[in-house]
Amino acid sequence: MEFIYFDTHHAIFVHDRIIQESGGTMGILNQGLLESTLEHIQNDWYYPTLEDKVTHLFYAINKNHCFSDGNKRA
């Protein structure tokens, strides 16, 4: 199965739309953390299945707090 991954710009765009709809503080605290997470899930050795990739993506965005606000909503 081939995955199509979104990039950092798309992640920030989606986050900003969520903040616009639900309220909160716009902006990113650490773009490097976001880039690292999005790159890391592309490693099929560590995350071979869709469930593995999504689980890590959710955990990393939630816990790393790369956005100013809305990390759990994103």
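What counts as what
- Residues numbered from 1 in each chain as written.
- Predicted model: local features only at pLDDT ≥ 70, side-chain atom pairs only at ≥ 80, totals over all residues.
- Heavy atoms only, no water.
- Helix = DSSP H or I, 4+ residues; strand = E, 2+ residues; numbered from the N terminus.
- Expected span 1.5 Å × (residues − 1).
- Buried < 20%, exposed > 50% of the residue type's maximum accessible area, 1.4 Å probe, protein only.
- Arc of directions from axis to C-beta.
- Contact = heavy atoms within 4.5 Å.
- Polar contact = N/O pair within 3.5 Å; in protein donor to acceptor, adjacent residues only side chain to side chain.
- Salt bridge = Lys/Arg side-chain N within 4 Å of Asp/Glu carboxyl O.

S.K.: Just give me the short version of unusual backbone geometry, but keep the residues and values in it.
M.R.: In this model, His 65 sits at a positive phi of 50 degrees, which is unusual for a non-glycine residue. Locating His 65 in the fold gives a position in the segment after helix 3 (50-64).

S.K.: Any chance you could break down helix 1 (residues 8-22) for me, citing the residues and the numbers?
M.R.: Between the first and last C-alpha of helix 1 there are 21 Å, a value that for 15 residues agrees with the 21 Å anticipated at 1.5 Å per step. Burial in helix 1 covers these residues: Thr 8, Ala 11, Ile 12, His 15 and Ile 19. Projected down its long axis, helix 1 shows its buried positions confined to an angular sector of 95 degrees, all on one face. Exposed and oriented more than 90 degrees from the buried face of helix 1 are His 9, Gln 20 and Glu 21. Looking at the packing, one finds that the buried side of helix 1 touches helix 2 (31-40). A side-chain oxygen of the first residue of helix 1 lies 3.3 Å from the backbone nitrogen of His 9; this N-cap is Asp 7.

S.K.: Could you give an account of the pattern of salt bridges, naming the residues involved and the relevant values?
M.R.: Under the criterion given, the structure shown has 1 salt bridge. Here Lys 53 ties to Asp 44 by a salt bridge, and the two come within 2.6 Å at their closest N and O atoms. Accessibility expressed as a relative area gives 3% for Lys 53, which makes it buried.

S.K.: How would you sum up the side chain of Asn 62? Please name residues and give values.
M.R.: Within the secondary structure, Asn 62 is located in helix 3. With residues up to four places along the chain from it excluded, the contact list for Asn 62 reads Asn 71 and Lys 72.

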